[in-house]
Amino acid sequence: MDTATAPSAAPPAPRGVIRRLQSRQGREDPFPLFEEIRSAGPVVSHGPHALLVTGYTECLQILTDRIWQVPDHKWRAARGLDTDGLSAKVLITLPRLNPPLHGRMRRLQSGPFTPAALERIRPTVRTLVRIHLDQLDAELTRYGQADFVGKVARALPVAVMCEILGLPSEDRALVARYSLDTAALTEPFATPAQTVVADAAAAEFHTYVMALLDERARTPGTDLMSQWLTHERLGTERVPRDELAAHIVFLVGAGAETTSSLFATAVQAFEQYPGQARWLAAHSEALPQAIEELTRWDPSVQNAVRVPTRETTVAGTHVPAGTLVHALIAAANRDPAHFPDPHTLDFRRPPRRSLAFGAGIHYCLGAPLARLNAAEFLPELLRRFPTLHTDGPATRTPGLNLRTFLTLPVSRRPRPVLTH
Ligand code: HEM
């Protein structure tokens with residue numbers, strides 16, 4: 001016992017709140033449910049061994065204090081959560097690694113996200129934005145309606161990830177399916193059906209990447225996979241090829257599903273706040289802060305899980321070592337104690353760091369790429385499709401960590417005037 005804390009029981013989470021978050025209505029608008037959790041207390045219990053945390057300060061503490069770690073393979077295996085199956089192996093990557101291995105793997109993977117590497121990829125991103133928006137344009141002209149997610153929001157970030165990693169462009173549709181199907185791998189409350197699909201997709205995707213790595217090992221190119229293969233040896237420790245494949249499988253999903261959600265959310269946000277959209281279209285210099293505000297308001301990653309390595313307290317609640325804690329990023333980003341008028345999207349909000357990209361050593365590795373993608377995409381979307389609006393409800397997969405869209409029907413018929 002190295003922390004002298006008085007044990008205090010957390011109040012229970014509102015009844016069935018996780019189930020309700022996973023329901024169709026909860027997926028569509030989880031924010032009233034996060035407020036329901038907040039009103040029960042800053043730290044509430046979910047079952048006997050897990051806690052849900054909604055406050056900004058508390059979530060920041062959990063993400064940055066070094067006594068907190070991600071639930072790794074050892075923690076999961078002790079609770080019967082990881083099998084020896086391939087999907088568990090695929091997930092032995094950054095979000096499931098703790099120091100010192102985490103730091104080594106992170107250095108290995110940071111190459112494509114340096115400022116210089118990103119500036120090199122910017123022209124490619126710009127071209128891909130134009131191509132995908134041309135396709136949306138053609139589809140809307142032809143049919144009057146299009147699925148924004150299939151045509152643009154998922155297809156574009158997948159294409160960018162394929163370019164960065166050196167995955168063949170003719171395989172983009174296949175990679176998009178893998179990206180979507182593996183999204184449930186990181187879900188703490190995945191249904192058995194989702195797990196079956198995710199496991200199968202992870203196994204297939206891993207085999208696909210292994211074959212490409214073998215090919216690049218035989219005939220190296222200038223792509224990232226070839227570069228990583230020449231660095232298979234990292235420090236004194238060997239990075240086996242199947243682990244490299246696992247990192248690639250995770251990177252594609254982490255990069256594509258999150259950015260896809262950001263793009264589809266932007267369409268919904270611009271529709272809900274047409275005044276904000278018009279203001280942004282006229283103030284390109286405000287784009288960086290608008291991207292931060294969009295990701296604060298409705299973040300693609302809603303939740304991050306951690307366990308304390310020794311007993312501790314959060315907001316006065318005693319947390320035994322090894323307790324699974326859900327830091328609800330999406331709730332923290334709307335904590336009224338940190339963000340005044342938190343439910344309103346306001347591109348002119350004074351800048352204040354949100355937790356949309358996490359914090360601490362697991363801070364999103366791809367955040368600079370996500371910002372670059374958004375900075376290239378959003379102004380073009382506003383310029384070329386000023387009357388784009390949703391033309392039916394979005395569909396989403398159930399999930400607490402990721403806000404994954406399946407479809408978002410759009411058209412560009414003039415929309416009714418709203419008052420915001
Ligand atoms: C809007 C877009 C994005 C959002 C909102 C987002 C959000 C996040 C968050 C919240 C975390 C931390 C999770 C935790 O602490 O448990 C994270 C980690 C990560 N993200 Fe992102 N992400 C985005 C885009 C990307 C992109 C484009 C890539 C890569 C191409 C990427 C790769 C990663 C990786 C590898 C990690 C794990 C880092 C680590 O554990 O050290 N993300 N992301």
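Residues numbered from 1 in each chain as written. Predicted model: local features only at pLDDT ≥ 70, side-chain atom pairs only at ≥ 80, totals over all residues. Heavy atoms only, no water.

### Side note on the overall build of the protein chain
And step 1. Scanning the protein chain from terminus to terminus reveals 18 helices and 14 strands.
And step 2. Projecting the C-alpha coordinates of the protein chain onto the three principal axes gives extents of approximately 65 × 60 × 40 Å.
And step 3. Counting every position in the protein chain, which comprises 420 residues, the buried fraction comes to 53%.
And step 4. Taking all contacts inside the protein chain whose residues are at least 6 apart in sequence as the whole, residues at least 24 apart take part in 72%.
And step 5. For the protein chain, the accessible area works out to roughly 18,400 Å², and carbon and sulfur atoms hold 57% of it.
And step 6. In the protein chain, the 46 positive side-chain charges and the 42 negative ones have mean positions that sit 1 Å from each other. (Helix = DSSP H or I, 4+ residues; strand = E, 2+ residues; numbered from the N terminus. Buried < 20%, exposed > 50% of the residue type's maximum accessible area, 1.4 Å probe, protein only. Contact = heavy atoms within 4.5 Å. Areas by Shrake-Rupley, 256 points an atom, 1.4 Å probe, with all protein chains shown as cover. Lys, Arg positive; Asp, Glu negative; His and termini not counted. Charge placed at Lys NZ, Arg CZ, Asp CG, Glu CD.)

### Let's talk about the site of the ligand
And step 1. Around the ligand sit 28 residues, and of these His 102, Arg 106, Arg 306, His 362 and Cys 364 come closest.
And step 2. Arg 106 places a side-chain nitrogen or oxygen 2.7 Å from an oxygen atom of the ligand.
And step 3. Side-chain polar atom of Arg 306 to an oxygen atom of the ligand: 2.6 Å apart, as the coordinates give it.
And step 4. Sorting the residues of the shell around the ligand by element identifies helix H7 (101–109), helix H14 (241–272), strand E7 (304–308) and helix H18 (367–384) as the ones contributing at least two each.
And step 5. If you tally residues by element for the shell around the ligand, the top one is H14, at 7 residues.
And step 6. Considering only residue class, the shell around the ligand consists of 18 nonpolar, 8 polar and 2 charged. (Near = heavy atom within 4 Å. Polar contact = N/O pair within 3.5 Å; in protein donor to acceptor, adjacent residues only side chain to side chain. Nonpolar A, V, L, I, M, F, W, Y, C, P; charged D, E, K, R; others polar.)

### Here we look at the coordination of the iron atom of the ligand
Under perfect tetrahedral coordination by four donors, a metal shows angles of 109.5 degrees; under perfect octahedral coordination by six donors, it shows angles of 90 or 180 degrees.
And step 1. Donor atoms from the protein around the iron atom of the ligand number only one, Cys 364 (SG), found at 2.3 Å.
And step 2. Along the chain, the position of Cys 364 falls in the loop between helix H17 (329–332) and H18. (Donors = N, O, S within 2.8 Å, 3.2 Å for Na, K, Ca; no water.)

### Quick word on the nonpolar core
And step 1. Core analysis: the largest hydrophobic core is formed by 80 residues, its most contacted members being Phe 148 and Phe 377.
And step 2. Considering each element in turn, this core owes the most residues, 14 residues, to H14.
And step 3. For Phe 148, the contacting residues outside a window of four places in its chain are Leu 136, Ala 153, Phe 263, Ala 264, Val 267, Phe 377, Leu 381, Leu 388, Leu 408 and Val 410.
And step 4. Counting 20 residues, the second-largest nonpolar core is a separate cluster that includes Val 43, Cys 59, Ile 67 and Leu 355. (Core = buried A, V, L, I, M, F, W, Y, C linked by side-chain atoms within 4.5 Å.)

### As for helix H8 (residues 115–143)
And step 1. For H8, which comprises 29 residues, the first-to-last C-alpha distance of 40 Å matches the rise-based estimate of 42 Å (1.5 Å per residue) to within 8%.
And step 2. By the largest-angle criterion, Ile 121 marks the main kink of H8, which is about 35°, and a proline, Pro 123, follows within four residues.
And step 3. Taken as a whole, H8 has its buried residues at Ala 117, Leu 118, Ile 121, Val 125, Leu 128, Val 129, His 132, Leu 133, Leu 136 and Leu 140.
And step 4. Of the surrounding elements, those touching the buried residues of H8 are strand E4 (146–147), helix H9 (148–153), helix H10 (155–165), helix H11 (172–181), H18 and strand E14 (409–411).
And step 5. Once H8 finishes, Gly 144 follows within two positions and takes phi at roughly 80°, a positive value. (Expected span 1.5 Å × (residues − 1). Bend = angle between axes of the 7 residues up to and from the residue.)

### Details of empty space enclosed by the protein
To find the voids left in a structure, one rolls a probe of water-molecule size over its atoms.
And step 1. Scanning all chains against the criterion turns up 1 cavity of 30 Å³ or more.
And step 2. Here the largest cavity is characterised by a volume of approximately 70 Å³.
And step 3. Taken together, Leu 21, Gly 26, Arg 27, Pro 30, Gln 302, Arg 396, Thr 397, Gly 399, Leu 400, Leu 402, Arg 403 and Thr 404 make up the lining of the largest cavity.
And step 4. Each residue belonging to the lining of the largest cavity can be placed in one class, and the counts come to 4 nonpolar, 5 polar and 3 charged. (1 Å grid on protein atoms, 1.4 Å probe; cavity = no way out; pocket = protein on both sides within 12 Å on 5 of 7 lines; lining within 4 Å. Points joined across faces, edges and corners; volume = space filled by probe spheres on them.)

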